[in-house]
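Architecture and fold: a report
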Amino acid sequence: MKNVTHAKCVRCGAEYEAVPGLTTCTCGGMLDIQYDYGYIRTLVSRETLSGCRDYSMWRYRPFLPVEPDSPPTPLRVGWSPLYPAPRLAQVLGLKALYIKDDGQNPTSSLKDRASAMAVVKAREAGADTIACSSTGNAASSLAGNAAAAGLHTYIFVPARAPKGKVAQLMIFGATVITVDGSYEDTFELSKAAIDKWGWYNRNAAINPYLLEGKKTVTLEILEQLGWQVPDYIALSVGDGCTIAGAWKGLKDLYAAGLIDRLPRLISVQAEGCCPLNRAIQTGEPWSPMEENTLADSIAVGVPRNADKALMAIRESQGVAVNVSDGEILAAMRLLGRTCGVFGEPAGVTGTAGVKKALELGLIDPASTVVSVVTGNGLKDVANGIQAAGEPMLVRPDMDCLLSAFAQHSITP
């Protein structure tokens with residue numbers, strides 16, 4: 001990999017050769033993949049990208065830590081749509097808003113970007129089995145991408161994982177272990193099993209390559225915006241891998257000369273589980289919290305990528321905002337009714353945070369903001385119904401229909 005120089009610990013600075021099976025530093029710190037941006041500049045430019053017809057995350061191979069001869073994954077991951085959202089911007093009182101709908105990836109979440117990277121690196125390592133723990137989306141994305149590539153998967157999920165996501169796992173042929181405990185319990189069991197059987201580790205807070213897959217979401221956003229840098233990019237935050245990856249992608253573009261400034265990040269967590277934002281807001285070290293939110297994908301009380309996530313928020317001079325479950329459900333309705341985008345609770349948490357940040361005066365209404373919807377609402381239909389309500393039920397009779405319309409104040 002001529003574009004990659006080494007891996008470096010974000011905690012102690014130790015350096016490692018960038019081999020496929022990297023995990024964490026001996027000090028326990030996360031590793032970060034380092035690049036030769038001078039070399040990357042010889043491979044990629046705005047012009048080369050405009051002529052590229054590979055509309056997937058692999059259009060950004062010069063920025064990715066994969067061997068030149070490594071084939072891409074079979075499923076098309078990435079290049080999800082970026083929608084202008086003028087109606088929603090008007091409702092919120094914001095100058096300009098864009099919605100990045102990553103729920104249109106193959107297994108309906110942003111996590112496909114990390115799982116596609118895991119599949120490529122597992123094949124480079126000669127592995128035939130990949131494993132991870134997950135609240136749902138990372139699990140289903142791994143199972144789908146691995147199935148397409150002919151690899152076996154062992155998936156550990158907490159018992160609260162939504163049935164839609166578990167159904168995906170079973171359809172994709174994963175060996176699913178439901179753990180009667182918290183996400184932290186689930187993570188620890190998966191770690192012990194991976195150590196025992198030597199499976200390739202897809203846990204994003206352990207494997208530094210997966211963040212490199214996630215960063216492609218911001219590479220796409222900036223290219224889709226014609227390299228015009230927004231003022232803010234809003235993301236829902238759980239274990240910290242997604243926001244850390246988003247920031248890494250932005251810094252890559254800046255280092256390669258494709259953008260001339262960096263946006264600020266909006267880190268959004270649920271009030272019932274916000275250990276990272278609490279650390280930003282108080283200036284204290286992060287500490288564990290209970291996983292008390294319906295947004296299961298970000299219900300991570302012990303974030304495993306805290307160092308990189310906190311670094312990303314602080315380096316970007318970012319905004320940390322927490323939202324209630326009620327505000328998350330309201331954002332599901334608002335996105336659906338103004339943009340036609342159906343996001344799961346964690347998927348719309350970023351948008352809920354944009355609304356809250358405006359109300360609190362944390363961001364200027366004259367700003368241009370991109371909000372990333374990280375997962376599709378069909379993954380969690382129960383909370384979709386809770387957000388939108390049940391439909392009316394009538395007998396096949398016009399009088400009954402008229403009566404129901406009157407009860408609901410509907411005037412066709």
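1. Examining the overall build of the chain
- If you tally the helices and strands in the chain, you get 16 helices and 13 strands.
- Computed over its C-alpha atoms, the radius of gyration of the chain comes to 21 Å, within 12% of the 22 Å expected for a compact globule of 412 residues.
- For the chain, the spread of C-alpha atoms along the principal axes amounts to about 75 × 45 × 45 Å.
- Classification of the 412 residues of the chain by burial places 56% in the buried group.
- Contacts in the chain between residues far apart in sequence, at least 24 positions, make up 70% of those at least 6 positions apart.
- Surface summary for the chain: the accessible area is close to 16,400 Å², and the carbon and sulfur share equals 52%.
- Across the chain, the 38 positively charged side chains and the 41 negatively charged ones have centroids separated by 3 Å.

2. Observations concerning the sheet that holds strand 2 (residues 15-16)
- Reading across the sheet, the three strands line up as 2-1-3 and stay open at both edges, with antiparallel pairing between neighbours. Every other strand in the sheet has two partners, leaving strand 2 and strand 3 (31-35) as the edge strands with one partner each.
- In this structure, strand 1 (residues 4-9) lies alongside strand 2, joined through two bridges in antiparallel fashion. Residue pairing for strand 2: Lys8 is matched across the bridge by Glu15.

3. A closer look at the packing of helix 13 (residues 325-339) against helix 15 (residues 381-388)
- Closest axis-to-axis distance for the helix 13/helix 15 pair is 8 Å, and the angle between their directions is 80 degrees. When the axis of helix 13 is compared with that of helix 15, the two are roughly perpendicular. Residues Leu329, Met332, Arg333 and Arg337 of helix 13 form the contact with helix 15, whose own contacting residues are Asn383, Gly384, Gln386, Ala387 and Ala388.
- Across the contact of helix 13 with helix 15, the residue classes tally to four nonpolar, three polar and two charged.

4. Remarks on the nonpolar core
- Phe63 and Leu222 are the most contacted members of the largest nonpolar core, which has 74 residues in total.
- In terms of residue count, the dominant contributor to this core is helix 4 (residues 112-124) (seven residues).
- Aside from chain neighbours lying at most four places away, what touches Phe63 is Asn3, Tyr35, Ile40, Val44, Glu212, Lys215, Leu219, Asp252, Leu253, Ala256 and Leu258.
- One finds Leu94, Ala295, Met332 and Val354 within the second-largest nonpolar core, a separate group that totals 34 residues.

5. Section: a nonpolar patch on the surface
- Taken together, the side chains of Phe342, Leu378, Val381 and Ile385 present a nonpolar region at the surface, about 350 Å² in accessible area.
- Relative to the elements of secondary structure, Val381 occurs in helix 15.
- Of the residues examined, Val381 reaches a relative accessible area of 43% and is grouped as partly exposed.

6. Focus: the packing of helix 5 (residues 137-149) against helix 6 (residues 163-171)
- Taken N-terminus to C-terminus, the directions of helix 5 and helix 6 make an angle of 20 degrees; their axes are 8 Å apart at the nearest point. It follows that helix 5 is roughly parallel to helix 6 by the angle criterion. As helix 5 runs across helix 6, the sense of the crossing is left-handed. Residues Asn137, Ala139, Ser140 and Ala143 of helix 5 lie in contact with helix 6, whose contacting residues are Lys165, Gln168 and Leu169.
- Class assignment for the residues of the contact of helix 5 with helix 6 results in three nonpolar, three polar and one charged.

7. Concerning the pattern of salt bridges
- With the rule as written, the count across this model stands at 22 salt bridges.
- A salt bridge links Lys191 to Asp195, with the shortest nitrogen-to-oxygen separation between them at 3.4 Å. Placement of the pair is Lys191 and Asp195 together in helix 7 (residues 183-197), with a separation of four residues, close to one helical turn.
- Residue Lys191 is classed as partly exposed on the basis of its relative accessible area of 35%.

8. Things to note about the packing of aromatic side chains
- Counted under the stated rule, the structure contains five aromatic pairs.
- Between Tyr154 and Trp199, the aromatic rings sit 4.2 Å apart at their centres with planes inclined by 10 degrees, giving stacked as the arrangement. With Tyr154 in strand 7 (residues 152-158) and Trp199 in the loop between helix 7 and strand 9 (200-201), this residue pair connects regions lying 45 residues apart in the sequence.
- What makes Trp199 buried here is its relative accessible area of 15%.

9. With respect to helix 10 (residues 241-255)
- A rise of 1.5 Å per residue sets the reference length of helix 10, with its 15 residues, at 21 Å; its end C-alpha atoms lie 21 Å apart and thus fit the reference within 8%.
- Listing the buried residues of helix 10 in full gives Cys241, Thr242, Ile243, Ala244, Gly245, Ala246, Trp247, Lys248, Gly249, Leu250, Asp252 and Leu253.
- Count one or two residues on from helix 10 and you reach Gly257, which has phi positive near 80 degrees.

10. Observations regarding the environment of Trp286
- Counting through the fold element by element, Trp286 comes out in the loop between helix 11 (275-282) and helix 12 (306-315).
- Among the residues examined, Trp286 registers a relative accessible area of 29% and is labelled partly exposed.
- Distance from Trp286 to Val302, taken between C-alpha atoms, is 9.1 Å for residues 16 residues apart in sequence.
- Not counting the four nearest positions on each side in its chain, Trp286 is found in contact with Pro275, Ala279, Gly301, Val302, Pro303, Ala306 and Leu310.

Rules used throughout
- Residues numbered from 1 in each chain as written.
- Predicted model: local features only at pLDDT ≥ 70, side-chain atom pairs only at ≥ 80, totals over all residues.
- Heavy atoms only, no water.
- Helix = DSSP H or I, 4+ residues; strand = E, 2+ residues; numbered from the N terminus.
- Rg over C-alpha atoms; globule rule 2.2 N^0.38 Å.
- Buried < 20%, exposed > 50% of the residue type's maximum accessible area, 1.4 Å probe, protein only.
- Contact = heavy atoms within 4.5 Å.
- Areas by Shrake-Rupley, 256 points an atom, 1.4 Å probe, with all protein chains shown as cover.
- Lys, Arg positive; Asp, Glu negative; His and termini not counted.
- Charge placed at Lys NZ, Arg CZ, Asp CG, Glu CD.
- Pairing = 2+ DSSP bridges.
- Axes fitted to C-alpha atoms, helices over the stretch in contact; angles between N-to-C directions.
- Parallel < 35°, antiparallel > 145°, perpendicular 65-115°, else oblique.
- Nonpolar A, V, L, I, M, F, W, Y, C, P; charged D, E, K, R; others polar.
- Core = buried A, V, L, I, M, F, W, Y, C linked by side-chain atoms within 4.5 Å.
- Patch = residues over 30% accessible without salt bridge, like charges linked within 9 Å, V, L, I, M, F, W, Y side chains within 5 Å.
- Salt bridge = Lys/Arg side-chain N within 4 Å of Asp/Glu carboxyl O.
- Left-handed = near helix turned anticlockwise from the far one by under 90°.
- Phe/Tyr/Trp six-rings, centres within 6.5 Å; stacked < 30°, edge-to-face > 60°.
- Expected span 1.5 Å × (residues − 1).

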